[in-house]
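Next come the chains, spelled out residue by residue.
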Amino acid sequence: MFWDNFQRICKEKGESPNGVCREIGLSNAVATHWKNGTLPKADVLVKIAEHLDVSVDYLLGVQKKSAPDDEVRNALIDKVIHMSDSQAKNFLALLESMEE
């Protein structure tokens, strides 16, 4: 799903997937991995979304019934990206406890 969306959005914006990779500081080989089904890491998804001026959700093809506004979502993503491994584990545990 990611690769198809990424490729389509690139085409709509008049860019190529390899060109986007170069623009955000990645090698062309990374695009090949994505084409074969690998997903980018969260920080790379954010860079791609910012470069293409779309949300990460749109890039991933995620449809949510009720999502926080983009400002809140982007702030949350920024915090998560900068967490240590132990902070991320604690945060995940907190989120999972909220689902119960």
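These numbers were taken from a predicted model, which means no experiment stands behind them. (Residues numbered from 1 in each chain as written. Predicted model: local features only at pLDDT ≥ 70, side-chain atom pairs only at ≥ 80, totals over all residues. Heavy atoms only, no water.)

A. Just the packing of helix α1 (residues 2-13) against helix α4 (residues 42-52), in detail. With their axes 11 Å apart at the nearest point, α1 and α4 run at an angle of 25° to one another. On the basis of the axis angle, α1 is roughly parallel to α4. Regarding α1 and α4, the two cross each other, and that crossing is left-handed. On α4, the residues that touch Phe2, Phe6, Ile9, Cys10 and Lys13 of α1 are Leu45, Ile48 and Leu52. Looking at the contact of α1 with α4 residue by residue, the classes come out as 7 nonpolar, no polar and 1 charged. (Axes fitted to C-alpha atoms, helices over the stretch in contact; angles between N-to-C directions. Helix = DSSP H or I, 4+ residues; strand = E, 2+ residues; numbered from the N terminus. Parallel < 35°, antiparallel > 145°, perpendicular 65-115°, else oblique. Left-handed = near helix turned anticlockwise from the far one by under 90°. Contact = heavy atoms within 4.5 Å. Nonpolar A, V, L, I, M, F, W, Y, C, P; charged D, E, K, R; others polar.)

B. Examining the pattern of salt bridges more closely. Under the counting rule described, the total for this entry stands at 1 salt bridge. Where Arg8 meets Glu12, a salt bridge forms, and the shortest distance between an N and an O atom there is 3.1 Å. Note that Arg8 and Glu12 are positioned in helix α1 at a spacing of 4 residues, about one turn of the helix. Looking at Arg8, the relative accessible area reads 32%, which means it is partly exposed. Take Glu12: its relative accessible area is 53%, and that puts it in the exposed class. (Salt bridge = Lys/Arg side-chain N within 4 Å of Asp/Glu carboxyl O. Buried < 20%, exposed > 50% of the residue type's maximum accessible area, 1.4 Å probe, protein only.)

C. Expanded view of the packing of α1 against helix α3 (residues 28-35). Across the interface, α1 lies against α3 with an axial gap of 8 Å and an inter-helix angle of 130°. By the angle between their axes, α1 is oblique relative to α3. Residue-level contacts link Phe2, Trp3 and Phe6 of α1 to Ala31, Trp34 and Lys35 of α3. For the contact of α1 with α3, the class distribution of residues is 5 nonpolar, no polar and 1 charged.

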